[in-house]
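Residue strings, one per chain:
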Amino acid sequence: MSDFTRPLRYRLITGPDDAEFCARVSALLDQGYQLHGSPALTFDGERVIAAQALVLSRSAGSEAPAERTRRGEL
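Okay, so let's go over this structure. (Residues numbered from 1 in each chain as written. Predicted model: local features only at pLDDT ≥ 70, side-chain atom pairs only at ≥ 80, totals over all residues. Heavy atoms only, no water.)

A look at the nonpolar core
Basically, it comes down to this: To define a nonpolar core, start from buried Ala, Val, Leu, Ile, Met, Phe, Trp, Tyr and Cys residues and group those joined through side-chain atoms within 4.5 Å. Each residue gets one of three labels from its accessible area relative to the maximum for its type: buried under 20%, exposed over 50%, partly exposed in between, using a 1.4 Å probe on protein chains only. Segments assigned H or I by DSSP are reported as helices when at least four residues long, segments assigned E as strands when at least two residues long, and all are numbered from the N terminus. What makes two residues a contact is simply this: any of their non-hydrogen atoms within 4.5 Å.
Core analysis: the biggest nonpolar cluster contains eight residues, these being Ile13, Phe21, Val25, Leu28, Tyr33, Ala50, Leu54 and Leu56. The set of elements that each furnish at least two residues to this core consists of helix H1 (19–30) and strand S3 (48–56). With residues up to four places along the chain from it excluded, the contact list for Ile13 reads Phe21, Arg24, Val25, Leu28, Ala50, Ala51, Gln52 and Leu54.

Following this line, the structure appears as structure tokens:
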């Protein structure tokens, strides 16, 4: 069973390229995520859709599962 209470190490944020999208990415940056690569943009016939990958470094996130297993925490 997965534990989704911990931050994910990888996130891909998608949505219309608007202020709300920028706010979502900015909020993740404030939580310690870093941009991973360039944003991708496409046009769905009505609006521009953006995608941005973000990663959380090990120092900002939780330890790797193997490290917790060695200590008997899993």
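There is more to say after this.
A short note on the pairing of strand S2 (residues 33–43)
As a reminder of what qualifies: Here, strands pair whenever DSSP counts at least two bridges between them.
As paired elements, S2 and S3 share eight bridges and run antiparallel to each other. Counted as the bridge partner of Phe43 is Val48 from S3. Joining the antiparallel neighbours S2 and S3 is a turn of four residues, in which Gly45 adopts a positive phi near 100 degrees.

Looking at the sheet that holds S3
As a reminder of what qualifies: Where helices are involved, their axes are fitted lines through C-alpha atoms of the stretch in contact, as for all axes, and angles between N-to-C directions lie from 0 to 180°.
Sheet architecture is open: three strands sit in the order S1-S3-S2, paired in antiparallel fashion. Here the strands that pair on one side only, and so sit at the sheet edges, are strand S1 (10–16) and S2. Direction aside, the axes of adjacent strands within the sheet are offset by 15 degrees on average. Contacts between H1 and the sheet are confined to S1, S2 and S3, with S1 contributing the most and set at about 160 degrees to the helix.

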